[in-house]
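# Per-entry structural report
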Amino acid sequence: MASIFATMPYSPVWIIASKEIKDGLRNRWVSFITLIFMALSLSVTFAGSAVSGALVLPELPVLISSLSTIAVFIIPLTAILISYDSFVGEEESGTLLLLLSYPLTRKQIIAGKLLGHSIMMAFTSLLGFGITALLLLILGKDYPVGITVCVFSQFILSSILLAMTFILIGYVVSLRSTEKARAIGLLLFVWFLFVLIYDLVLLALLVADLSFMTPELINVLIAFNPTDIYRAINLVAVGAEDLQGTLSLIAQSGLGLSVLYGLLIVWIIGLSILALSVFKCKKL
Amino acid sequence: MTRSVVVKVTDVHKSYQDFVALKGVSFELHAGQTMALLGHNGAGKSSLIKMILGLIQPSLGEIQVYGNTLNASQQHVQLDIGYLPENVSFYEKLSGYEVLSYFAALKGVNREKVLQILVEFGLADAQHRLVKTYSKGMRQRLGFAQAILSEPRLILLDEPTVGLDPLASEFMYRKINELKAKGCAVIICTHELSLVEGNVDFALIVGQGKVLAQGSLNELKQASNLKIKIKSAALEQHHQHLNGFQSCYFQGCLHVDYGIKADVIRHITQHLGIYDFSLAEPSLNDIYQYYINQLEGQHG
C-alpha cells in the first residue's frame, strides 16, 4: 500500500482513497465490521437450526427480510463510525489545512474519502454477507444458485448504497463540527432519528391505516428516509409483499426496484453536493 | 543582482464579519530571503499565511505568489509551495514512510525522493515506525520534510521549532539556511524570537491586524531607536565626556540611541582611547516588546 502512495500514475482521488483504506485496516475497523456483519448474518440464518437441533434454513424472502431488518440498524451505525472524524479529525490533527495547501480540490478530497470508505464497506458487506450466501448454497437444498446469488448481490449492493448515504451524512456533520465528540454525538442522534424514530413512526402510520395515508404519501415518506428505501428495496426484490407483518406494508408501496435504487442514488448525489458546499463554506 | 519577487502582498485587509483580522498589510519577499512573521496570538499571522496559501481570499488588496493571484484554481502555484502547519500530528496509524509517501504522491514526487529525504532528516531508522511512537522533534522533522518534498520555491513554516530541544531547533534552522542558499523564499511564523533572530533577513511585526514594523534587524533597531548598551570599566570615569551624545550611564553601562551608535563608538575609541568595551545591541525580542508596548500604550 505504501508503494501505491509513492508511485504517481494514480489520481489524487485514488491516493486519498488508498490512505483511507490503509487507515481503516490499521484501525482494525475493516475486520471488526466484517466480523459483526458475519456474526449477524450467520446468526439470523442459522438461529432456527440452533433452536430445533436440526438444520432448518429459512426461505429466501424471510431470510432477506430478517437480514435487512438487522442490517438497517448496523450498516448506518458502522458507516457513521468510520466517517465521523473524517474531517473534524483531520482538522484537529492539522492535516486538513495541510491537505488544502496541496494542489487538490475539495471535490477530490471528498471523492477520495468516499471512495476509500465505500470500498471498505463494500468489502465488509461482501465478506460478511457473502459467507452466508455461500453457506446457504453449500448446505441448503432449496436455494437455486442463480436466484440466491442474485438476491444476495442485490442485498449487498443496496447495503453498500445505504452505507454510502450514511458515510456522506457523517462527512456533512464532520465538516460542520469543531470537535470529534460533538460529531459522533450528533451523528448518533441522526442515526437514532432515521433508523428508529422515523421508521417506527412510519410503521405505526402504516399499521394505523389512517384515511390520509394515501399510497402517494407513503411513497413520499419512504423516499425521505434512506433506511426505509433500503428496506423497501430488499423486500420488493424478494417479493416480500405477501409476508406477514408490518414490514410487508413497505413492500406494498408500489415503487419499483429501479425507482427505489434511483431514490438512494438521489440521496447519495444530494448529500455529496451538500458535503461539498459545506466544505467550500467551511471556515479555515 | 535583482532577485525575483516570490510573494507580493499589497494593502491586504481581511475581515470576518465584525472582526478585522488584517488592515493594510504590504510586503515583498524575494527568492533567497527569509522573513520572520511576528505577532501576538490573534494578531492576524495565521490569516496572512492562509491567504498566501490561497486557502482564504483577502477582503481587500492583493496577494501574488510568483506573479499569480492565488486562488483554488491555480494548483500549479500550490505545487511550488511547501507548508508546515503549527502542531501538525499527522496520521498516527501510518508510519513515517507512509505519511511522507502519501504527501509525496499528492505532489507527484517519486519514491526515491521520499527515501532520500528520510535519510537527510535523520528519520531513516524510524521510517517504518508508526507516527504515534514519534517524539515531538521527530514529528516536526517529518513535517518539515513533507514541506520541502517537492523542492518548492516558497516555504511557509508555522512555529517550526515550538517544543523542540536546542539541538533539534538548530537542525531546523540549519535546514532553513540551506534552503535559503538554494534560492528558496522562507516565511517563518514564530514566537521564539531568540532562535529566529540570526536566521532571517527581515521581520514583519503585526499587532491587532496592523503592520507595526517591518525591515531588516538593523532597520528595525534604527526605526525603534532603542538604546544600545556599552559596557567598560573605563567609561565610569569618562562618561561625562559623552553628554553631547544624549547618552546616560547607569548600572555600569552607557546607554545610547541605536542611531548614534557609530558616532559614540568613534568618540570612545578616538577621543577617549577606550578600546576594551562590550556592546549589547537591542535584540529582536527587545524590538518586538517595544512595538507591542507601543501598541498597548495606544489602546490604553
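Everything quoted here is computed from the prediction, not taken from an experiment. (Residues numbered from 1 in each chain as written. Chains lettered and ligands numbered in written order. Predicted model: local features only at pLDDT ≥ 70, side-chain atom pairs only at ≥ 80, totals over all residues.)

Each helix and strand counted, chain B has 11 helices and 14 strands in total. Burial analysis of chain B (300 residues in total) assigns 41% to the buried set. The long-range fraction of contacts in chain B, counting pairs at least 24 apart against all pairs at least 6 apart in sequence, stands at 68%. (Helix = DSSP H or I, 4+ residues; strand = E, 2+ residues; numbered from the N terminus. Buried ≥ 20, exposed ≤ 12 C-beta atoms within 10 Å, placed from the backbone. Contact = placed C-beta atoms within 7 Å.)

This brings us to the overall build of chain A. Of the regular secondary structure elements, chain A holds 13 helices and zero strands. Ordered by position from N to C terminus, the α and β elements of chain A give α-α-α-α-α-α-α-α-α-α-α-α-α. Taken against the 2.2 N^0.38 rule, which gives 19 Å for 284 residues, the C-alpha radius of gyration of chain A at 20 Å falls within 12% of a compact globule. Seen along its three principal axes, the alpha-carbon backbone of chain A occupies a region of about 60 × 50 × 30 Å. Sorting the 284 residues of chain A into buried and exposed places 45% on the buried side. Here the contacts in chain A between residues at least 6 apart in sequence split such that 77% fall between residues at least 24 apart. (Rg over C-alpha atoms; globule rule 2.2 N^0.38 Å.)

Now for helix α2 (residues 12–26) of chain A. All names here are of chain A. Compared with the 21 Å implied by 1.5 Å per residue over 15 residues, the 21 Å span of α2 between its first and last C-alpha is a close match. Burial of α2 is extensive: 11 of the 15 residues sit out of reach of the surface. Looking only at α2, the buried set comprises P12, V13, I15, I16, A17, S18, K19, E20, K22, D23 and G24. Once α2 finishes, R28 follows within two positions and takes phi at roughly 65°, a positive value. (Expected span 1.5 Å × (residues − 1).)

Attention shifts here to the domain arrangement of chain B. For chain B, the domain assignment lists domain 1 (5–80 + 152–220) and domain 2 (227–281). Here the C-alpha centre of domain 2 of chain B lies 37 Å away from the C-alpha centre of domain 1 of chain B. (Domains from an automatic or database assignment.)

Of note in this structure, B:E151 is not a glycine but carries a positive phi near 50°. Position of B:E151 relative to the elements: it lies in the loop between α5 (136–148) and β7 (154–158).

Now for the interface of chain B and chain A. Listed by partner, the interface residues are 31 residues for chain B and 26 residues for chain A. Looking at which element gives the most residues to the side of chain B that touches chain A, the answer is helix α3 (residues 96–106) of chain B, with seven residues. Among the residues making up the side of chain B that touches chain A, the classes are represented as 18 nonpolar, seven polar and six charged. (Nonpolar A, V, L, I, M, F, W, Y, C, P; charged D, E, K, R; others polar.)

Time to look at the sheet that holds strand β12 (residues 248–250) of chain B. All names here are of chain B. Pairing in this open sheet of four strands is antiparallel, and the strands run β12-β13-β11-β14 from one edge to the other. Strand pairing shows two members of the sheet lacking a second neighbour, β12 and β14 (278–280), which therefore form its edges. In this sheet, adjacent strand axes meet at a mean angle of 25° when their direction is disregarded. Here three bridges tie strand β11 (residues 227–231) to β14, and the two strands are oriented antiparallel to one another. If you follow I230 over to β14, its bridge partner there is L279. (Pairing = 2+ DSSP bridges. Axes fitted to C-alpha atoms, helices over the stretch in contact; angles between N-to-C directions.)

On to the nonpolar core. In terms of nonpolar packing, the biggest core is built from 155 residues, with B:L100 and B:L156 touching the most fellow members. When residues in this core are grouped by element, the largest group, 17 residues, is from helix α8 (residues 145–176) of chain A. Aside from chain neighbours lying at most four places away, what touches B:L156 is B:I49, B:I52, B:L53, B:I81, B:Y83 and B:I187. B:I230, B:L235, B:V264 and B:I268 belong to the second-largest nonpolar core, a separate cluster that totals eight residues. (Core = buried A, V, L, I, M, F, W, Y, C linked by C-beta atoms within 7 Å.)

With that settled, consider the packing of α5(B) against helix α6 (residues 166–181) of chain B. Helix packing geometry: the angle between the two helix axes and the distance between the axes. Residue and element names in this part refer to chain B. Contact geometry of α5 with α6 gives a least axis separation of 10 Å together with a crossing angle of 10°. Our classification of the angle between α5 and α6 gives roughly parallel. Contact residues: G137, Q140, F144 and I148 in α5; A168, M172, K175 and L179 in α6. When its residues are assigned to classes, the contact of α5 with α6 shows five nonpolar, two polar and one charged. (Parallel < 35°, antiparallel > 145°, perpendicular 65-115°, else oblique.)

This next bit is on the pairing of strand β1 (residues 5–16) of chain B. Regular strands place side chains that alternate from one sheet face to the opposite one. All names here are of chain B. With eight bridges joining them, β1 and strand β2 (residues 19–30) adopt antiparallel strand pairing. Looking at β2, one finds that V12 is bridged to V25. Counting the residues that bridge the hairpin from β1 to β2 gives two residues, and of these Q17 lies at a positive phi of roughly 50°. Here five bridges tie β1 to strand β4 (residues 60–65), and the two strands are oriented antiparallel to one another.

Residue and element names in this part refer to chain A. Relative to the assigned elements, L63 resides in helix α4 (residues 60–83). Judged by C-beta crowding, with 25 C-beta atoms within 10 Å, L63 ranks as buried. Once the C-alpha coordinates of L63 and W267 are considered, the two residues, 204 residues apart in sequence, prove to be 27 Å apart. The contacts of L63, once residues within four sequence positions are left out, are T45 and P58.

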